[in-house]
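In case you want the letters, here they are:
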Amino acid sequence: MSREICEGYVEELEKLGHKLMELIATSLGLPAKRFGEYFKGQTSSVRLNHYPLCPSPELALGVGRHKDPGVLTLLAQDDIGGLEVKRKKDGEWIQVKPVPDSYAVDVGDIIQVWSNEKYESVEHRATVNSKRDRYSIAFFFYPSHSTIVEPLEELIGPQNPPKYKPYSFGKFLANRKRSNFKKLNVDNIQISDFKISPANPN
Ligand SMILES: O=C(O)CCC(=O)C(=O)O
Ligand SMILES: [Fe+2]
């Protein structure tokens, strides 16, 4: 792939990311450009995923269950399928069927915190299959390293106290990456670590 093609692709995804954030801002009753400031010095990235076919797909996962730490993930997937999201009401894993010429849009942890849980970050995973290799391209729309993530002040008040303590996105991500993609015996850092519990508001 040439540099121009990659750069052009990322530029278009960035535009789409901003557009989606404008719609989300509007849905929360905020000015459309409310989220723009966080993306000055953004740290977005692209990951090319290759899942080789697996003779025993019931014994392995392509990517284990997780929530994406950023703002949005825009996922282009081929026609094989394998992405699954966890349905909250019963914990069932639901397949996200590939739709040609479209992106699967995943709300990340930061929107959950910014919106004080009006939106929720979706838990997901990717399975493998025994028929064909699968490819996906994930664009992770991330704010600047220095962003302090906290519920937006316009969305909190006496009736709606903040559900999260502020945290540094850069430090959160650095902590996540410390695992270096190895399987850990303990869960790595999660936004729930910053959750304010009603019994212990500080
Ligand atoms: O390839 C997929 O379907 C999902 C990939 C994913 O969740 C990720 O890269 O964060
Ligand atoms: Fe993901």
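Keep in mind it's a predicted model, so treat the numbers as computed, not measured. (Residues numbered from 1 in each chain as written. Chains lettered and ligands numbered in written order. Predicted model: local features only at pLDDT ≥ 70, side-chain atom pairs only at ≥ 80, totals over all residues. Heavy atoms only, no water.)

1. Here we look at the overall build of the protein
Logical step 1: The helix and strand tally for the protein stands at three helices and 10 strands.
Logical step 2: Each helix and strand of the protein, ordered N terminal to C terminal, gives the series α-β-β-β-β-β-β-α-β-β-β-β-α.
Logical step 3: Rg of the C-alpha trace for the protein: 18 Å, near the compact-globule value of 17 Å for 202 residues, within the 12% margin.
Logical step 4: Dimensions of the protein, computed from the C-alpha atoms along their principal axes, are close to 55 × 40 × 30 Å.
Logical step 5: Residues counted as buried form 37% of the 202 residues belonging to the protein.
Logical step 6: Of the contacts made within the protein by residues no fewer than 6 positions apart, 78% connect residues no fewer than 24 positions apart.
Logical step 7: In the form shown here, the protein has an accessible surface area of approximately 12300 Å², with 54% of it arising from carbon and sulfur atoms. (Helix = DSSP H or I, 4+ residues; strand = E, 2+ residues; numbered from the N terminus. Rg over C-alpha atoms; globule rule 2.2 N^0.38 Å. Buried < 20%, exposed > 50% of the residue type's maximum accessible area, 1.4 Å probe, protein only. Contact = heavy atoms within 4.5 Å. Areas by Shrake-Rupley, 256 points an atom, 1.4 Å probe, with all protein chains shown as cover.)

2. Describing the sheet that holds strand E7 (residues 124-127)
Logical step 1: One open sheet accounts for four strands, arranged E2-E7-E4-E5; its pairing is antiparallel. Here the strands that pair on one side only, and so sit at the sheet edges, are strand E2 (61-66) and strand E5 (93-95). Between one strand axis and the next, the sheet turns by 25° as a mean value, whatever way the strands run.
Logical step 2: Here E2 runs beside E7; their pairing, made up of three bridges, is antiparallel. Bridging across to E7, His-66 finds its partner in His-124. (Pairing = 2+ DSSP bridges. Axes fitted to C-alpha atoms, helices over the stretch in contact; angles between N-to-C directions.)

3. Observations regarding the coordination of the iron ion (ligand 2)
Logical step 1: The coordination sphere of the iron ion (ligand 2), as far as protein atoms go, consists of His-66 (NE2), Asp-68 (OD) and His-124 (NE2), spread over 2.1 to 2.3 Å.
Logical step 2: For the iron ion (ligand 2), the single-chain donor residues occur in sequence as H-x1-D-x55-H. Within this pair, whereas His-66 is found in strand E2, its partner His-124 is found in strand E7, the two being separated by 58 residues in sequence.
Logical step 3: Classification of His-124 by relative accessible area gives buried; the value is 6%. (Donors = N, O, S within 2.8 Å, 3.2 Å for Na, K, Ca; no water.)

4. Structural notes on the site of ligand 1
Logical step 1: Around ligand 1, the neighbouring residues are Arg-47, Asn-49, Tyr-51, His-66, Asp-68, Leu-75, Leu-83, His-124, Ala-126, Arg-134, Ser-136 and Phe-140.
Logical step 2: Contact between ligand 1 and Tyr-51: an oxygen atom at 2.6 Å from a side-chain N or O atom of the residue.
Logical step 3: Here Arg-134 contributes a side-chain N or O atom positioned 2.8 Å from an oxygen atom of ligand 1.
Logical step 4: Elements with a minimum of two residues in the shell around ligand 1: strand E1 (45-51), E7 and strand E8 (134-141).
Logical step 5: In terms of residue class, the shell around ligand 1 is made up of five nonpolar, four polar and three charged. (Near = heavy atom within 4 Å. Polar contact = N/O pair within 3.5 Å; in protein donor to acceptor, adjacent residues only side chain to side chain. Nonpolar A, V, L, I, M, F, W, Y, C, P; charged D, E, K, R; others polar.)

5. Details of the nonpolar core
Logical step 1: Counting 36 residues, the largest nonpolar core has Met-21, Phe-35, Val-71, Trp-114 and Tyr-167 as its most contacted members.
Logical step 2: Breaking this core down by element, the ones donating at least two residues are helix H1 (3-27), strand E3 (72-77), strand E6 (104-107), helix H2 (109-114), E8 and helix H3 (169-177).
Logical step 3: In this structure Trp-114 touches Met-21, Phe-35, Tyr-38, Phe-39, Val-71, Val-149, Glu-150, Pro-151, Leu-152 and Leu-155, once residues within four positions along its chain are discounted. (Core = buried A, V, L, I, M, F, W, Y, C linked by side-chain atoms within 4.5 Å.)

6. Regarding the pattern of salt bridges
Logical step 1: All told, the structure shown has 13 salt bridges when counted by the stated rule.
Logical step 2: Salt-bridge contacts for Lys-86 lead to Glu-123; the nearest nitrogen and oxygen are separated by 3.9 Å. Of this pair, Lys-86 sits in strand E4 (residues 83-86) while Glu-123 sits in the loop between H2 and E7; the two residues are 37 residues apart in sequence, bridging distant segments of the chain.
Logical step 3: Residue Lys-86 is classed as partly exposed on the basis of its relative accessible area of 31%.
Logical step 4: For Glu-123, a relative accessible area of 15% corresponds to the buried category. (Salt bridge = Lys/Arg side-chain N within 4 Å of Asp/Glu carboxyl O.)

7. Details of H3
Logical step 1: Those residues of H3 not exposed but buried are Phe-169, Gly-170, Phe-172, Leu-173 and Arg-176. In an axial view of H3, the angular spread of the buried residues amounts to 160°, which keeps them on one side of the axis.
Logical step 2: Looking at the packing, one finds that the buried side of H3 touches H2, strand E9 (148-149) and strand E10 (167-168). (Arc of directions from axis to C-beta.)

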